[in-house]
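Residue-level listing of the chains:
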Amino acid sequence: MTDTPAEIGRLVREKMMSRSGEERLIMGAEMFEAARELVMASFPSGISVEEQKRRLFKRFYAKELPEEF
């Protein structure tokens, strides 16, 4: 389901695809980092780095982090 008119979606896609592959990759990495920071900010303070990683993985992938990590 989308509330974006098809014409607007097409224009946004055209604009995005007019950028170089490098620019699109950088944009994706920056968006991922912003999402990561938002999720990390939602965790209680004082939890260990290991627990942060486990919670981050679960939030992003809806799965528990495998024990070997």
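Scroll up for the structure.
Calculation notes
- Residues numbered from 1 in each chain as written.
- Predicted model: local features only at pLDDT ≥ 70, side-chain atom pairs only at ≥ 80, totals over all residues.
- Heavy atoms only, no water.
- Helix = DSSP H or I, 4+ residues; strand = E, 2+ residues; numbered from the N terminus.
- Rg over C-alpha atoms; globule rule 2.2 N^0.38 Å.
- Buried < 20%, exposed > 50% of the residue type's maximum accessible area, 1.4 Å probe, protein only.
- Areas by Shrake-Rupley, 256 points an atom, 1.4 Å probe, with all protein chains shown as cover.
- Lys, Arg positive; Asp, Glu negative; His and termini not counted.
- Charge placed at Lys NZ, Arg CZ, Asp CG, Glu CD.
- Salt bridge = Lys/Arg side-chain N within 4 Å of Asp/Glu carboxyl O.

Asks: Explain the overall build of the protein chain here, please?
Replies: If you tally the helices and strands in the protein chain, you get three helices and zero strands. Mapped from its N terminus to its C terminus, the protein chain presents α and β elements in the order α-α-α. Computed over its C-alpha atoms, the radius of gyration of the protein chain comes to 17 Å, more than 25% above the 11 Å expected for a compact globule of 69 residues. Oriented by its inertia axes, the alpha-carbon framework of the protein chain measures out at about 45 × 30 × 25 Å. Residues classed as buried in the protein chain amount to 9% of the 69 residues present. Counting only carbon and sulfur atoms, one obtains 59% of the accessible surface of the protein chain, whose full area is about 6100 Å². One way to put it: in the protein chain the 12 positive side-chain charges average out to a point 2 Å from where the 13 negative ones average out.

Asks: Would you explain unusual backbone geometry in this entry?
Replies: What you tend to see is this: most non-glycine residues have negative phi, and most peptide bonds are trans. A positive phi angle, near 55°, is found at Ala62, a position not held by glycine. Here Ala62 lies in the segment after helix 3 (49-61). Exposure remark for Ala62: the relative accessible area of 68% places this residue in the exposed category.

Asks: What am I meant to see in the pattern of salt bridges here?
Replies: Two side chains bearing opposite charge may form a pair once their charged atoms approach each other closely. Overall, the coordinates contain seven salt bridges when judged by the stated rule. With a shortest N-O distance of 3.8 Å, Glu33 and Arg36 are connected by a salt bridge. With Glu33 and Arg36 both in helix 2 (residues 21-41), this residue pair falls three residues apart, about one helical turn. In this structure, a network of salt bridges that share partners links the residues Glu7, Arg10 and Glu14.

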